[in-house]
Amino acid sequence: QVQLVESGGGLVQPGGSLRLSCTTSGSTDSFYRMGWFRQAPGKQRELVAVHTSGGSTNYADSVKGRFTVSRDNAKNTVFLQMSSLVPEDTAVYYCLGVLFVAGDEYDYWGQGTQVTVSS
């Protein structure tokens with residue numbers, strides 16, 4: 001059974017930094033892509049950052065230049081380094097891993113970790 005588990009969330013002051021980790025339990029092939037989404041109160045879930053196969057990355061405009069996504073492919077682990085945090089970054093952050101098997105896409109989601117940016 002493959003599961004993704006986020007960690008590293010918590011309370012941080014504006015301007016501070018936080019590093020999220022997402023680890024994979026269970027045996028699986030390397031994910032085609034891994035990344036992060038978030039859902040703030042009263043808003044839809046949105047893309048934060050994704051690390052795709054081959055090493056390319058995509059970032060939401062709101063976090064570009066402040067957040068960095070990285071991967072440890074051997075361990076199916078993805079990280080999100082967050083800097084210069086602002087209250088608008090407050091959200092539940094979800095980890096995503098994507099597999100393709102026999103032409104079908106399989107999405108694996110973590111349960112989320114709360115990030116609160118407040119003084």
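Notes on the structure in this doc start here. Everything numeric here is computed off the predicted structure, so don't read it as measured data. (Residues numbered from 1 in each chain as written. Predicted model: local features only at pLDDT ≥ 70, side-chain atom pairs only at ≥ 80, totals over all residues. Heavy atoms only, no water.)

## Structural notes on the environment of Gln-39
Okay, so step 1: Among the structural elements, Gln-39 can be located in strand β4 (residues 33–39).
Okay, so step 2: Every residue in contact with Gln-39, bar those within four places of it in the chain, is listed here: Gln-44, Arg-45, Ala-91, Val-92 and Tyr-94.
Okay, so step 3: At 3.2 Å, the side chain of Gln-39 and the backbone oxygen of Lys-43 are in polar contact. (Helix = DSSP H or I, 4+ residues; strand = E, 2+ residues; numbered from the N terminus. Contact = heavy atoms within 4.5 Å. Polar contact = N/O pair within 3.5 Å; in protein donor to acceptor, adjacent residues only side chain to side chain.)

## Some words on the pattern of salt bridges
Side-chain pairing between opposite charges can occur once the charged atoms of the two side chains come close.
Okay, so step 1: Evaluation of the coordinates by the stated rule reveals 5 salt bridges.
Okay, so step 2: Across the pair Arg-33 and Glu-105 runs a salt bridge whose closest N-O atoms are separated by 3.9 Å. Residue Arg-33 is found in strand β4, and its partner Glu-105 is found in strand β10 (residues 104–109); the two are separated by 72 residues along the sequence.
Okay, so step 3: The partly exposed category is assigned to Arg-33, whose relative accessible area is 24%. (Salt bridge = Lys/Arg side-chain N within 4 Å of Asp/Glu carboxyl O. Buried < 20%, exposed > 50% of the residue type's maximum accessible area, 1.4 Å probe, protein only.)

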